[in-house]
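As a plain string of letters, each chain reads:
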Amino acid sequence: MSLTLDVKKLLVTVALAFVGIVFVLPFAWMLSASFKLEGEVFTYPIRWIPQEWIGFSNYKEVWFGDHPFWKYYLNSIFVTVVTTVVSCTVSAMAAYGFSKVQFPAGKWLFFIVLATFMVPQEGILVPQFILYRMIGLFDSHWGLILLGSFSVLGTFMLRQFFMGVHNEFIESAKIDGAGHLRIFAQIAFPLVKPAIATYAILRFIWTWNDYKYPLIFLRTDSLFTIQLAMQKFTSINGEFYSLIMAAAVSAILPLLMMFVIGQKRVIEGIAMGGVKG
C-alpha cells in the first residue's frame, strides 16, 4: 500500500515537473533570444545558448535608446504601486463595512455593488471618457489610478475573509471603547493579511498588464506606461526580434519579482480560504 502511494506521488511529481517545464520553455526561449544576434533568433534546431552574446547591446538599446524604457518603467511603477495600495485600502475598508458593520439596507447595498460587476467595462468607457475630460483627469496618471482604485471582485473576495473574523473580537474591542476605524486597523486588517497580500499581487499584475485604459486615457508620450511603450517599440523595431524579446523580458521582470516575493502570502491566503470554506 505504501509502495503504491509512493509510486503515485512519483508519477504526480514527474507529471507536474513536465507541465512546469512546458510552461517555462517559452520564457526560456524569449530570454535566450534577447541575447542573440538577429540571424540566430530563428535558427532550427533551437540554440538555447547563443554562439555570440550581444544581449548587453540589446538591453542597452531597450533601456537607453531612442525610446528609453526606464522612463516608461517609472510611469508604470508609479501607477501600479499607487493603484495597488489605494485599491487594497478601499476594497478592505468596504469589505469590512459590508461584513462587520450593521446598518439598514446593508445587504441590499452589497447586492447593488455586486450587480455592477455584471456591467461590461466596455459599456461604460464612453461615459468615463467624457467625465474624465470634464473633471481634468484625462491624460494623467491620477486618472488611471482612480480607475483602478475600486474593485468589486476585490471587495467581494476580502469580504469573505472578513466574515471569518470572529465577532467576539469586534465586540470586545467595542466594549473597550474602540471605534470601527481602530478595530479595522488594529484587529481585523492584521487577521486577513494573507488575503490582502493575495489581492495586492493580483491587483499589481492587472494594473501592470493593463493596456486598454492607458491606450484610451493617455495621449502624452512622456506619460505612457510600459504596455504602451511595448506596442510603440514593437511597431518601430518590428523586424528586430532580438530587441523585441529584450523589451519583453524587461516588461515581465517586475511581475516575476512580485510573485517570488509574495508567493508565501498567496499560499497562506489560498490555505486560509480553503479552511474557511
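Before reading on, note that the structure itself is shown above.
In what follows, the accompanying structure is described.

About the criteria used
- Residues numbered from 1 in each chain as written.
- Predicted model: local features only at pLDDT ≥ 70, side-chain atom pairs only at ≥ 80, totals over all residues.
- Heavy atoms only, no water.
- Helix = DSSP H or I, 4+ residues; strand = E, 2+ residues; numbered from the N terminus.
- Buried < 20%, exposed > 50% of the residue type's maximum accessible area, 1.4 Å probe, protein only.
- Contact = heavy atoms within 4.5 Å.
- Axes fitted to C-alpha atoms, helices over the stretch in contact; angles between N-to-C directions.
- Left-handed = near helix turned anticlockwise from the far one by under 90°.
- Nonpolar A, V, L, I, M, F, W, Y, C, P; charged D, E, K, R; others polar.
- 1 Å grid on protein atoms, 1.4 Å probe; cavity = no way out; pocket = protein on both sides within 12 Å on 5 of 7 lines; lining within 4 Å.
- Points joined across faces, edges and corners; volume = space filled by probe spheres on them.
- Core = buried A, V, L, I, M, F, W, Y, C linked by side-chain atoms within 4.5 Å.
- Salt bridge = Lys/Arg side-chain N within 4 Å of Asp/Glu carboxyl O.
- Phe/Tyr/Trp six-rings, centres within 6.5 Å; stacked < 30°, edge-to-face > 60°.

What follows is about the overall build of the protein chain. When helices and strands are counted, the protein chain shows 13 helices and zero strands. Each helix (α) and strand (β) of the protein chain, taken in turn from the N terminus, gives the series α-α-α-α-α-α-α-α-α-α-α-α-α. Across the 277 residues that make up the protein chain, the buried fraction comes to 39%. Residue pairs in contact within the protein chain that sit at least 24 positions apart in sequence constitute 72% of those at least 6 positions apart.

Time to look at the environment of Ser 34. With respect to the element layout, Ser 34 can be found in the loop between helix 1 (2-33) and helix 2 (55-64). Note: C-alpha distance between Ser 34 and Ala 246 (212 residues apart in sequence) is 4.5 Å.

Bringing the packing of helix 8 (residues 167-175) against helix 9 (residues 180-191) into the picture now. It is the contact of helix 8 with helix 9, at a shortest axis distance of 10 Å, that shows an interaxial angle of 145 degrees. Handedness of the crossing formed by helix 8 with helix 9: right-handed. Residues Phe 169, Ile 170, Ala 173 and Lys 174 of helix 8 form the contact with helix 9, whose participating residues are His 180, Ile 183, Ile 187 and Leu 191. Split by residue class, the contact of helix 8 with helix 9 holds six nonpolar, one polar and one charged.

Moving on, we get to the layout of surface pockets. Volume-wise, the largest pocket comes out at about 800 Å³. In terms of lining residues, the largest pocket is bounded by 28 residues, among which Gln 121, Leu 147, Phe 150, Arg 203 and Tyr 213 are the most central. For the lining of the largest pocket, the secondary structure elements donating two or more residues are helix 3 (69-100), helix 5 (125-135), helix 6 (141-147), helix 7 (152-162), helix 10 (193-209) and helix 11 (212-217). Across the lining of the largest pocket, the residue classes tally to 15 nonpolar, ten polar and three charged. Computed from the structure, the second largest pocket encloses a volume of approximately 240 Å³. Together, Phe 98, Ser 99, Val 101, Gln 102, Phe 103, Gly 106, Lys 107, Phe 110, Phe 111, Arg 159 and Met 163 line the second largest pocket. Secondary structure elements with two or more residues in the lining of the second largest pocket: helix 3 and helix 4 (106-115). No other element matches the four residues that helix 4 contributes to the lining of the second largest pocket.

Attention now moves to the nonpolar core. In this structure, Phe 69, Leu 144, Phe 217 and Ile 226 are the most contacted members of the largest nonpolar core, which totals 35 residues. Setting aside residues up to four positions removed in sequence, Phe 69 forms contacts with Val 62, Trp 63, Ile 226, Ala 229, Met 230, Phe 233, Ala 247 and Ser 250. Residues Tyr 96, Met 157, Ala 178 and Ala 195 belong to the second largest nonpolar core, which totals 20 residues.

Here the focus is unusual backbone geometry. Phi at Asp 139 takes a positive value of approximately 60 degrees, unusual for a residue other than glycine. Mapped onto the fold, Asp 139 is located in the loop between helix 5 and helix 6.

Further remarks concern the environment of Met 230. Secondary-structure assignment places Met 230 in helix 12 (residues 226-236). Classification of Met 230 by relative accessible area gives buried; the value is 15%. A C-alpha to C-alpha distance of 7.5 Å links Met 230 and Ala 248, two positions 18 residues apart in sequence.

What follows concerns the pattern of salt bridges. By the definition in use, this model includes two salt bridges. Here Asp 221 and Lys 71 are joined by a salt bridge, their closest N and O atoms 3.9 Å apart. Taken as a pair, Asp 221 in the loop between helix 11 and helix 12 and Lys 71 in helix 3 lie far apart in primary sequence, 150 residues in all. By relative accessible area, which is 25% here, Lys 71 ends up partly exposed. A salt bridge links Lys 232 to Asp 221; its shortest N-O distance comes to 2.2 Å. Note that Lys 232 is positioned in helix 12 and Asp 221 in the loop between helix 11 and helix 12, a separation of eleven residues in sequence. Judged by its relative accessible area of 26%, Asp 221 falls in the partly exposed class. Taken together, the shared-partner salt bridges connect Lys 71, Asp 221 and Lys 232 into one network.

So, on to the packing of aromatic side chains. Enumeration over the complete set of coordinates arrives at 16 aromatic pairs. Taking 6.3 Å as the distance between ring centres and 45 degrees as the angle between the ring planes, the aromatic pair formed by Phe 129 and Phe 217 counts as tilted. Of the two residues, Phe 129 sits in helix 5 while Phe 217 sits in helix 11, which places them 88 residues apart along the sequence. Pairing Tyr 132 with Phe 217 gives two aromatic rings, centres 5.3 Å apart and planes at 55 degrees, and the pair type is tilted.

Let's shift gears to the side chain of Thr 225. The residue Thr 225 is located in the loop between helix 11 and helix 12 in this model. Setting aside its immediate chain neighbours within four residues, Thr 225 contacts Tyr 72, Ser 76, Leu 144, Pro 214 and Leu 218.

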